[in-house]
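The lines below spell out each chain.
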Amino acid sequence: MSSDRLSVQVGPLRLKNPVMPASGTFSPDLAEWIDFDQLGALVTKSVTWQPRAGNPGPRCIETPAGMLNAVGIQNKGVENFIIDQLPVYRRWKTPLVVSISGESPEGYARLAHRLTVPGVQTIEVNISCPNLEVGGWSPAMEADGTYRTIRAVREATDLPIWAKLTPNTGDMVSVARAAQEAGADALVVANTLIGMAIDPHTKRPKLGNVTGGLSGPAVKPIVLRMVYQIYPHVNIPIIGCGGISRVDDVLEYLLAGARAVQVGTYNFVNPRGMTEIIRDLDEYVEREGLKSITEIVGQANKGRIFSASCSCSRSSES
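Residues numbered from 1 in each chain as written. Predicted model: local features only at pLDDT ≥ 70, side-chain atom pairs only at ≥ 80, totals over all residues. Heavy atoms only, no water.

Looking at an unreviewed UniProt entry, the protein chain carries the name Dihydroorotate dehydrogenase, with the source organism given as Kyrpidia spormannii. Listed in UniProt under the heading Sequence similarities (unreviewed entry), the comment for the protein chain reads: "Belongs to the dihydroorotate dehydrogenase family. Type 1 subfamily." What UniProt records for the protein chain under Pathway (unreviewed entry) is the sentence "Pyrimidine metabolism; UMP biosynthesis via de novo pathway; orotate from (S)-dihydroorotate (NAD(+) route): step 1/1." (UniProt positions renumbered as here; feature names shortened; annotations may be inferred.)

Okay, here's the thing in structure tokens:
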């Protein structure tokens, strides 16, 4: 498999291909199924400053086209990650992206500073988890909260930072631009949609947290539209995330404007799915006679007409 024609530049980070796991759907245990050095990057579950027990159960339920989860970022805290988990990730050459979750801009900044250590190549700033508060509020729902958090992280580390945005906002473009202006090197679009389910027999919500994050094939048309809308208004790479389970899903995201993608729920269905998608992506590049997969990035956006009131622009793809 040719790594050159699948390689992509995501901010300062060069990836051998555009496929990586989504935070919260990946751990070193998956190495029993796939070769991590075939992936574009490794993305950890979100890390918090102190250990978190997570939300009360039930935490996960299936839906007709995906799943609802309200795990609540259960983890052992940043010191445990650095001491016990980071050495495990150093076994592989693939760049490591560490996701962080804080309770304030200062909390995010403190985490980013602490994780600026050898072995960590990028910080993914999870300002979009809908499972920490009942109702699903997150900083990425507002441009101001996004700017303040990303700016604090930018001032705390010299590592590349990816802002993971939420689809649960009425103005994705403003939020995306706020993240860029604050210093993000890339945008992850997007986290899960807020949803819930009710048991008609008990007459109670099925999730212990009442609401949770909807992921899987059902969300792809929504998130794909968001990537398409954001692309012309920012000058930093977009990483598409939502409902990917086959190579055609990846191609749709790239055509809409994403430069890379994250695979989430599908990892639970098919642990070998990411490497199969990479194989199929390489075959697509060969079949289409492309020198680089980046040739198709944003092609669906070409010729698009925007309102004259929009003052933003996009630089050419490199």
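This is not the end of the story, as more comes after the structure.
A.B. asks: How should I be thinking about the overall build of the protein chain in this particular structure?
C.D. replies: When helices and strands are counted, the protein chain shows eight helices and 16 strands. Here the protein chain has a C-alpha radius of gyration of 18 Å; the compact-globule value for 318 residues is 20 Å, and the two agree. Seen through its principal axes, the protein chain has C-alpha atoms that stretch 55 × 50 × 45 Å. A total of 318 residues make up the protein chain; the buried ones form 58% of that total. Considering only contacts in the protein chain between residues 6 or more positions apart, those separated by 24 or more positions represent 71%. With the model as given, the accessible surface of the protein chain reaches about 13,700 Å², and the carbon-plus-sulfur share is 51%. The distance from the centre of the 31 positive side-chain charges to the centre of the 31 negative ones in the protein chain is 2 Å. (Helix = DSSP H or I, 4+ residues; strand = E, 2+ residues; numbered from the N terminus. Rg over C-alpha atoms; globule rule 2.2 N^0.38 Å. Buried < 20%, exposed > 50% of the residue type's maximum accessible area, 1.4 Å probe, protein only. Contact = heavy atoms within 4.5 Å. Areas by Shrake-Rupley, 256 points an atom, 1.4 Å probe, with all protein chains shown as cover. Lys, Arg positive; Asp, Glu negative; His and termini not counted. Charge placed at Lys NZ, Arg CZ, Asp CG, Glu CD.)

A.B. asks: It is not clear to me how the side chain of Arg 154 should be interpreted in this structure. Could you clarify?
C.D. replies: Positionally, Arg 154 belongs in helix H3 (residues 143–156). A polar atom in the side chain of Arg 154 sits 2.8 Å from the backbone oxygen of Thr 157. Of the polar contacts made by the side chain of Arg 154, one reaches the backbone oxygen of Leu 159; its length is 2.7 Å. Every residue in contact with Arg 154, bar those within four places of it in the chain, is listed here: Leu 159, Ile 161, Ala 182, Gly 183 and Asp 185. (Polar contact = N/O pair within 3.5 Å; in protein donor to acceptor, adjacent residues only side chain to side chain.)

A.B. asks: Just checking my understanding: could you explain the packing of helix H2 (residues 105–114) against H3 for this structure?
C.D. replies: For any two helices packed against each other, the geometry is given by the interaxial angle and the distance between the axes. Contact geometry of H2 with H3 gives a least axis separation of 8 Å together with a crossing angle of 30°. Relative to H3, the element H2 is oriented roughly parallel. Two packed elements cross with a definite hand, and for H2 against H3 that hand is right-handed. Between H2 and H3, the residues in contact are Pro 105, Tyr 108, Ala 109, Ala 112 and His 113 and Arg 148, Thr 149, Ala 152, Val 153 and Ala 156, respectively. For the contact of H2 with H3, the residue count by class is seven nonpolar, two polar and one charged. (Axes fitted to C-alpha atoms, helices over the stretch in contact; angles between N-to-C directions. Parallel < 35°, antiparallel > 145°, perpendicular 65-115°, else oblique. Left-handed = near helix turned anticlockwise from the far one by under 90°. Nonpolar A, V, L, I, M, F, W, Y, C, P; charged D, E, K, R; others polar.)

A.B. asks: When you look at the UniProt feature "binding site: FMN" (unreviewed entry) in the protein chain in this model, what are you seeing that I'm missing?
C.D. replies: If you check UniProt for "binding site: FMN" (unreviewed entry), the listed places come out as Ser 23, Lys 45, Ser 46, Asn 126, Lys 164, Gly 216, Gly 242, Gly 243, Gly 264 and Thr 265 in our numbering. Set against the largest pocket, the annotated residues named above that line it are Ser 23, Lys 45, Ser 46, Asn 126, Lys 164, Gly 216, Gly 242, Gly 243, Gly 264 and Thr 265. Note on placement: Asn 126 falls in strand E8 (residues 122–126). Looking at Asn 126, the relative accessible area reads 7%, which means it is buried. In this view, Asn 126 contacts Ser 46, Ile 73, Ser 99, Ile 100, Ser 101, Tyr 108, Lys 164 and Asn 191; residues no more than four positions away in its chain are not counted. Of note is the side chain of Asn 126, whose polar atom sits 3.0 Å from the side chain of Ser 46. (1 Å grid on protein atoms, 1.4 Å probe; cavity = no way out; pocket = protein on both sides within 12 Å on 5 of 7 lines; lining within 4 Å.)

A.B. asks: Explain the packing of aromatic side chains here, please?
C.D. replies: Here a ring pair, both rings aromatic, is described through the centre-centre distance and the interplanar angle of the planes. Taken as a whole and assessed by the stated rule, the structure comprises four aromatic pairs. Taken together, a centroid distance of 4.6 Å and an interplanar angle of 50° make the contact between Phe 36 and Trp 92 tilted. Taken as a pair, Phe 36 in the loop between strand E3 (19–21) and strand E4 (42–43) and Trp 92 in the loop between helix H1 (78–89) and strand E7 (96–100) lie far apart in primary sequence, 56 residues in all. Accessibility classification places Phe 36 together with Trp 92 in one group, the buried group. Ring geometry for Phe 81 against Tyr 89: centres 6.3 Å apart, planes inclined by 35°, an arrangement best described as tilted. On the accessibility criterion, Tyr 89 (5% relative accessible area) is buried. (Phe/Tyr/Trp six-rings, centres within 6.5 Å; stacked < 30°, edge-to-face > 60°.)

A.B. asks: Can you walk me through the layout of surface pockets in this structure?
C.D. replies: A water-sized probe, rolled over the atoms, reveals where empty space remains. Taken as a whole, the largest pocket spans an internal volume of roughly 770 Å³. Counting only elements with at least two residues in the lining of the largest pocket, the list comes to strand E5 (60–63), strand E6 (66–69), strand E14 (212–215), strand E16 (260–263) and helix H7 (266–269). Looking at the lining of the largest pocket, the element that brings in the most residues is E5, giving four residues. Classifying every residue of the lining of the largest pocket by side-chain character gives 18 nonpolar, 20 polar and three charged. (Points joined across faces, edges and corners; volume = space filled by probe spheres on them.)

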